[in-house]
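# Summary of the model geometry
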Amino acid sequence: MHAAARTLALAGLITLLALVTSAAPVAARVTSGPTVDIHSLAGLAPDGRSIGVQVLASCPERWTVVEAVVRVSQPGASGQASFPLTCIGSIRSFGVVVPSGSGTFQLGEAQVTASVVIKRGKTARADDSQVATVEPGVLVELAETALLQAGGTAVVIDVAVACPVGTTGRESRLVVSQAGRVMGVGTYLPVCDGTRHTFTVLVQASQGTYELGIAQALTFAEIEHAGETFFGIDDDGALDIVS
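Residues numbered from 1 in each chain as written. Predicted model: local features only at pLDDT ≥ 70, side-chain atom pairs only at ≥ 80, totals over all residues. Heavy atoms only, no water.

### As for the overall build of the chain
- Counting its regular elements, the chain contains 1 helix and 15 strands.
- Relative to its full complement of 243 residues, the chain shows a buried share of 48%.
- A total of about 11200 Å² of accessible surface is found on the chain, and carbon and sulfur atoms cover 52% of it. (Helix = DSSP H or I, 4+ residues; strand = E, 2+ residues; numbered from the N terminus. Buried < 20%, exposed > 50% of the residue type's maximum accessible area, 1.4 Å probe, protein only. Areas by Shrake-Rupley, 256 points an atom, 1.4 Å probe, with all protein chains shown as cover.)

Shown next as structure tokens:
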């Protein structure tokens, strides 16, 4: 699970999105001036059109944010994006999706810079720069319905997966359970070419019999890059089994 924990979640891929979280306050208080700090890992969107970056930033209360920007550059691509910093006197975490303004981002390394400029009569500035490791994000999405098969001994469900060029799909599991009495597992193999592929997965019940109605589904789309394993995860607690 070491590699899975490093996935930016992406999860959430790591969908790539699965790599980007909403801003949330943390306990540390700001003493004076703005701060900004870049995480050393970044997440590549499956199509290479964006990179997800995590930053910590803060500024003192009653100051006005003039600029809060993250910039990402690689030899063949670059881009920038702002993030919604407000001056509340505490450090917050921001997941920033940086789209490519030119070219396509790649796995490997990227130069990431972040800057915060604030104003209250005078201006103050904070900057950070980091050579970040760009890891693959995995987009995975389960269908909302599954089709009952063979008198309830199985169901068929679609799952859509996208993973970056340069990664390799590994056998991935899809679990469908119902009411705590029926359980089954199906498998599929992600195709990693940067585009979205839909797989129709047969899930055979290993215990019990599926019925029409609500069930639960969970899948881990597994890929490999540079000897490490990464996951995209999706679950559906209200999967509708239909005939």
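### Quick notes on the pattern of salt bridges
- Overall, the coordinates contain 6 salt bridges when judged by the stated rule.
- One salt bridge connects Asp 47 with Arg 49, and the closest N-O pair in it is separated by 3.9 Å.
- For Glu 222, the salt bridge is made with Arg 170, and the minimal N-O distance between the two is 3.3 Å. Of the two residues, Glu 222 sits in strand E14 (residues 213-225) while Arg 170 sits in strand E11 (residues 168-178), which places them 52 residues apart along the sequence. (Salt bridge = Lys/Arg side-chain N within 4 Å of Asp/Glu carboxyl O.)

### Points about the environment of Leu 44
- Looking at the element boundaries, Leu 44 is found in strand E2 (residues 35-44).
- Put simply, Leu 44 and Phe 105 are 61 residues apart on the chain and 7.3 Å apart in space, counted from C-alpha to C-alpha.

### Re the state of the cysteines
- If you walk through the whole model with that rule in mind, you get 2 disulfides.
- With its sulfur 2.1 Å from that of its partner, Cys 59 forms a disulfide with Cys 87. The disulfide joining Cys 59 to Cys 87 has a torsion of about -110 degrees about its S-S bond and is therefore left-handed. Of this pair, Cys 59 sits in the loop between strand E3 (50-58) and strand E4 (64-74) while Cys 87 sits in the loop between strand E5 (77-82) and strand E6 (90-99), placing them 28 residues apart in sequence.
- Residue classification places Cys 59 among the buried residues on the basis of a relative accessible area of 0%.
- Covalent S-S linkage joins Cys 163 and Cys 192, the inter-sulfur distance amounting to 2.1 Å. Here Cys 163 and Cys 192 share a disulfide; its torsion about the S-S bond, -90 degrees, makes the bridge left-handed. (Disulfide = S-S within 2.5 Å.)

### Remarks on the pairing of strand E8 (residues 122-136)
- As paired elements, E2 and E8 share 4 bridges and run parallel to each other. Across the sheet, residue Ala 42 finds its bridge partner in E8, namely Val 134.
- Linking two consecutive strands that pair antiparallel, namely strand E7 (residues 108-120) and E8, is a turn of 1 residue; a positive phi of about 80 degrees is found at Gly 121 within it. (Pairing = 2+ DSSP bridges.)

### With respect to the environment of Gln 111
- Tracing the sequence through the fold places Gln 111 in strand E7.
- When the C-alpha atoms of Gln 111 and Thr 133 are compared, they prove to be 9.1 Å apart, with 22 residues separating the residues in sequence.
- Contacts of Gln 111, omitting those with residues within four sequence positions, involve Arg 71, Val 72, Ser 73, Ser 129, Gln 130 and Val 131.
- Within the structure, the side chain of Gln 111 is placed 2.6 Å from the side chain of Ser 129, a separation counted as a polar contact. (Contact = heavy atoms within 4.5 Å. Polar contact = N/O pair within 3.5 Å; in protein donor to acceptor, adjacent residues only side chain to side chain.)

### Notes on the pairing of E4
- Of the strand pairs in this sheet, E4 and E7 are connected by 9 bridges, and their pairing is antiparallel. If you follow Val 69 over to E7, its bridge partner there is Ser 115.
- The pairing of E4 with E5 spans 6 bridges and is antiparallel. In the strand pairing of E5, Ser 73 is matched with Ser 78.
- Counting the residues that bridge the hairpin from E4 to E5 gives 2 residues.

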